[in-house]
Amino acid sequence: MAYRSRILVLLLVWLTSAIGLTQSTPAAAKRPRIGLVLEGGGARGLAHVGVIQWLEEHRIPVSYVAGTSMGGLVGGVYATGRNAAEVRQVVKSIDWDLVLSGQTPFNDLAFRRKQDARDYPSTLEFGLRKGLQFPSGFNTGQQVDLILNRISLPYSQMRSFDELPIPFACVATDLVTSSEYVFRSGPLDLALRSTMSLPGIFSSVRSGDHIFVDGGLLDNLPTDVAKEMGADIVLAIHLEVNPINPAESLSSFAVLGQSISAVIVANERRSMKSADLLVIVPVNNYTGSDYKKADAIIKAGYDAAAANAAKLSFFSVDEAAWNQYLAERNARRKKAPVPQFVEVIGVPPEIAQPMTEEMAGVSGKPADPNELDQKLMEFRGMGSLSTLNYSMVEQNGKQGLQIQAEPKPYAPPIVRPLIVIDGSDYNNVFFSIGARITYLNFGGYRRELRNDVILGSQYGINSEYYRPFKATSKWFVAPRVGFNSAQYPIYKGSDLLSLYRNRVALGALDVGYLFGRTGEARLGYEGGYQHLSPQTGDRTVLPNVSGGTGNLRLQYTYVSVDNPIVPRTGHNIKFYTKYFNANPGAPEGFPISELQLQNYFRLNVPSSVFLHGYGGTTYGYKTGVPQFPLGGVTRFAAFGTNELLTDQYFLFQLGYIRTLAKLPPLLGSTIDFIGMFEVGKTYQLPKGPKPPYLPGDVAAGLIMNTLFGPVEVGGAVGDYGHAKFFFQVGRVF
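Because the structure is a prediction, the values reported are computed rather than measured.

S.K.: I'd like a description of unusual backbone geometry, backed by residues and values.
M.R.: With an omega of 5°, the peptide bond between A411 and P412 qualifies as cis. Locating P412 in the fold gives a position in the loop between β14 (398-407) and β15 (414-423). A cis amide bond, omega -5°, links P412 with the succeeding residue P413. Position of P413 relative to the elements: it lies in the loop between β14 and β15. Of note in the backbone geometry, R446 takes a positive phi value of approximately 75° without being a glycine. On the basis of relative accessibility, which here comes to 15%, the residue R446 falls in the buried class.

Rendered as structure tokens:
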């Protein structure tokens, strides 16, 4: 009743004011100026699209838009002149799983970053630039940035958000001043990224002397902002959710989340009191991450507006006035000019120059957002940059595309941690922790110093300096050096026969060629010292040897799978051939070759099959120490670790993968089932025991892809009485 009385009074005032103005004032000036205020709420904020749809269907003009967080995003898209259908298309076209994961798609990673993701499958990383430093959020917001860049590109050079087809404002929280910050000018993409930067989830946004996070902390329903913009009627859209159940048990994270929610709810209540008209959208059945339920949430917004039709219809205009409103709104829409040049800022000139050269192809033609997104994601996939944004600038009377590159503030170096637990035999579990420490652009663009450190059952340190011939060259040279000491268990079935330790110190120099983001070929020589010695058990299984080792190696690697941990489609190929001029225990030099093929084929969204083939040979030469130790979780899973020692073998694997569930983005990605059938052959060593004829097995397990790496639990049953339960953490395939 209070809302209706307030509206009637305002209408009488406007009607009286308009009596003497009909001859000289346009029709649009006679109607009340409605300020649409959209509340934040994650996926629940998609309900605003439904409200906008209802308003447009009933010819209710909006003069101003103000919003916070998701309300800011929806409002910002609407303010650029898009109609309700176009706004819906924009928000539904977003891959929210990818946006919230914060991960660069595996296919967009540079080849060496793909190696990192496979060798060190944790998605966590931190830096050591000024001591131990972690990112300011789990998600840099790069995918969000690209969406916002696309939306705001035509409006890059506007002086004020009042120049948009619908004047717009959004609210962020400034951590420096501990107060709300209202964006009404400046880069539109910066404003939208700031208003939806949820603390701890998305990285904060730094601009000048400000550090911005989500505006919902202080003003989640900015009715006051709409008033200040000049709205005569403030139409606020509130997203109603259920209060917490007092009997519900809460974890520490839940308490933290509910505490933040209480602060937000308090400022929402204050804002609702100053609204002239309030539409309450019941979204009790949805969470802030229910983006896959977009259609239902949008419908909830539409239905809520329809339920308030009696109040909203006061502001409906006739067909002529509505068409005039649309014409004026559309006249203010802009298209991005054709860029005549490209410049890269935010990084040193020696990095900016080659990046500019690689972007040269986008100038001289209309900007293609898909092409720009792809190129920027490939730059980010090189590993040194936190985010990249693009906008239009004018220099010397020419319009150009400016790429703003932001290096990771906590690097160099970048540290990727690793936890390895090998439970092939749960009575003898091996545990190691390690890290890959990488200095990117070390001495120049694309040069890098990569260091691996591991401690525990295995310990060692390895370093490689990767140096392209030129900044953009595909040819490279890579010297490396390292020392490793690893336990070498040998089983017979479930019985541990002996435990050896293998110590190797090597130095090497490779020359290679990079095949884009998918592969590389290397030719080089490596040499050093090896010592294999027994520690416990039967000391006659392998010889106790030590001495110099050296080989000339040719290797080719190809990676086109879609995921480093549990691929669903694509191929992996690794082939190498070596000639050892010296090796401990070998009576003479010998050659060795091995081919590894992994092929994945998607059947449907949750299911895939795979076919793997492996084979290796030393061409009948005596090698002293067997070159192909088989048996364990990854190859002949039912057999004991290193049970099948050979110098020649082949193996085929046929398997099935199905995604059973998705984890919250902050915890990981998926829980998958994997089933596999294996069959192969190992050939007898000189003076060695006769191997089983065509050993085979079936294995099945569950893989949970967590932030800390994959966790697999499973079991396998094979011929010749082999069966076991196993678990592992860190590396699966």
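Following the structure, the description resumes.
S.K.: Give me the lowdown on the sheet that holds strand β12 (residues 342-345), citing residues and values where you can.
M.R.: The strand order across the open sheet formed by three strands is β12-β14-β13, and the pairing between neighbours is mixed. What marks the edges here is a single partner per strand, and that holds for β12 and β13 (385-395). Averaged over all pairs of adjacent strands, the angle between strand axes in this sheet comes to 25°, irrespective of strand direction. Relative to β14, β12 runs parallel, the two being bridged by four bridges. By the bridge assignment, I345 is partnered in β14 with Q404. Each of β12, β13 and β14 touches helix α16 (residues 349-358); the most contacted strand, β12, lies at about 150° to it.

S.K.: Can you break down helix α13 (residues 294-307) residue by residue, with the values?
M.R.: For α13, spanning 14 residues, the distance from its first C-alpha to its last is 20 Å, which sits close to the expected 20 Å at 1.5 Å a residue. Every buried residue of α13 is accounted for by A294, I297, I298, A300, G301, A304 and A305. Projected down its long axis, α13 carries its buried residues within an arc of 150°, all on one side. In α13, those exposed residues whose orientation departs by more than 90 degrees from the buried face are K299 and A307. Buried residues belonging to α13 abut α3 (47-57), α5 (84-92), β11 (277-282) and α14 (309-312).

S.K.: Go over the nonpolar core with me, naming the residues and quoting the values.
M.R.: One finds L36, L55, Y78, F168, L235, V281 and L312 to be the most contacted residues of the largest nonpolar core, which totals 68 residues. Setting aside chain neighbours within four positions, we find F168 in contact with V65, G72, G75, G76, A79, F161, F183, R184, L188, L192 and M229. Formed by 38 residues, the second largest nonpolar core is a distinct cluster that contains F106, A478, Y576 and F726.

S.K.: How would you summarise the pairing of strand β5 (residues 168-174) if you had to cite specific residues and measurements?
M.R.: Of all seven residues in β5, seven are buried, a share of seventy percent or more. A two-sided burial pattern is seen for β5, the buried positions comprising F168, C170, A172 and D174 on one face and A169, V171 and T173 on the other. Here β5 runs beside strand β6 (residues 179-183); their pairing, made up of five bridges, is antiparallel. Opposite D174, over in β6, you have S179 as the bridge partner. The antiparallel hairpin formed by β5 and β6 contains four residues in its connecting segment, where S178 sits at a positive phi of about 55°. Of the strand pairs in this sheet, β5 and strand β9 (residues 210-214) are connected by three bridges, and their pairing is antiparallel. Of the residues in β9, the one forming a bridge with T173 is V213.

S.K.: Residues and numbers for the pattern of salt bridges, please.
M.R.: Using the criterion set out here, one finds 35 salt bridges in the structure. Across the salt bridge formed by K92 and D295, the nearest N and O atoms sit 2.7 Å from each other. With K92 in helix α5 and D295 in helix α13, this pair connects stretches of sequence that are 203 residues apart. Assessed through its relative accessible area of 40%, K92 is described here as partly exposed. Its salt-bridge partner being R112, residue E448 comes within 2.8 Å of it at the nearest N-O pair. With E448 in strand β17 (residues 448-456) and R112 in helix α7 (residues 111-119), this residue pair connects regions lying 336 residues apart in the sequence.

S.K.: So what about a nonpolar patch on the surface? Which residues, and what values?
M.R.: The grouping of I419, F431, I433, L455, Y459, I461, F483 and F708 at the surface amounts to a nonpolar patch, some 740 Å² of accessible area in total. Every element with two or more residues in the nonpolar patch is listed here: β16 (430-440) and β18 (458-468). By the element assignment, F708 lies in the loop between β30 (696-706) and β31 (709-718).

S.K.: Go over α3, please, and point to the residues and values.
M.R.: Counted residue by residue, α3 has nine buried out of eleven residues, so it is predominantly covered. Of all the positions in α3, only A47, H48, V49, G50, V51, I52, W54, L55 and E56 are classed as buried. Just beyond α3, the residue with positive phi is R59, at close to 55°.

S.K.: Tell me about the pairing of strand β10 (residues 233-240), residues and numbers included.
M.R.: Summarising burial for β10: seven of the eight residues are buried, a large majority. Pairing of strand β1 (residues 34-38) with β10, which is carried by five bridges, proceeds in the parallel orientation. Pairing of G35 across the sheet is with V234, part of β10. Where β10 lies against β11, six bridges are found, and the strand directions are parallel. Bridge pairing links E240 to P282 in β11.

Quick notes on the rules
Each residue is numbered by its place in its chain's sequence as written, counting from 1. Since the coordinates come from a predicted model, pLDDT governs what is reported: local features require at least 70, and pairs of side-chain atoms require 80 or more to be given and counted, while whole-chain, interface and lining totals use all residues. Side-chain figures throughout are based on the complete set of non-hydrogen atoms in the structure, without hydrogens or water. Strands here are runs of E lasting at least two residues and helices are runs of H or I lasting at least four, both read from the DSSP assignment and numbered beginning at the N terminus. Each residue's exposure class comes from its accessible area (1.4 Å probe, protein chains only) as a fraction of the maximum for that residue type: buried when under 20%, exposed when over 50%, partly exposed otherwise. Pairing between strands is defined by DSSP: at least two bridges between the two strands are required. Axes here refer to lines fitted to C-alpha atoms; in helices the fit is confined to the stretch in contact. Angles between the N-to-C directions go from 0 to 180 degrees. Two residues qualify as a contact provided that any one of their heavy atoms is within 4.5 Å of a heavy atom in the partner residue. Multiplying 1.5 Å by the residue count of a helix minus one yields the expected span of that helix. Here the arc refers to the directions that run from the helix axis out to each C-beta atom. Think of a nonpolar core as a cluster: buried Ala, Val, Leu, Ile, Met, Phe, Trp, Tyr and Cys residues, connected wherever their side-chain atoms sit within 4.5 Å. Any carboxyl oxygen of Asp or Glu that lies within 4 Å of a side-chain nitrogen of Lys or Arg is treated as forming a salt bridge with it. Every patch collects residues that have over 30% relative accessible area and no salt bridge, joining them within 9 Å if they carry like charges and within 5 Å if they are nonpolar side chains (Val, Leu, Ile, Met, Phe, Trp, Tyr). Computed with the Shrake-Rupley method and a 1.4 Å probe, the accessible areas treat only the protein chains shown as cover for residues.

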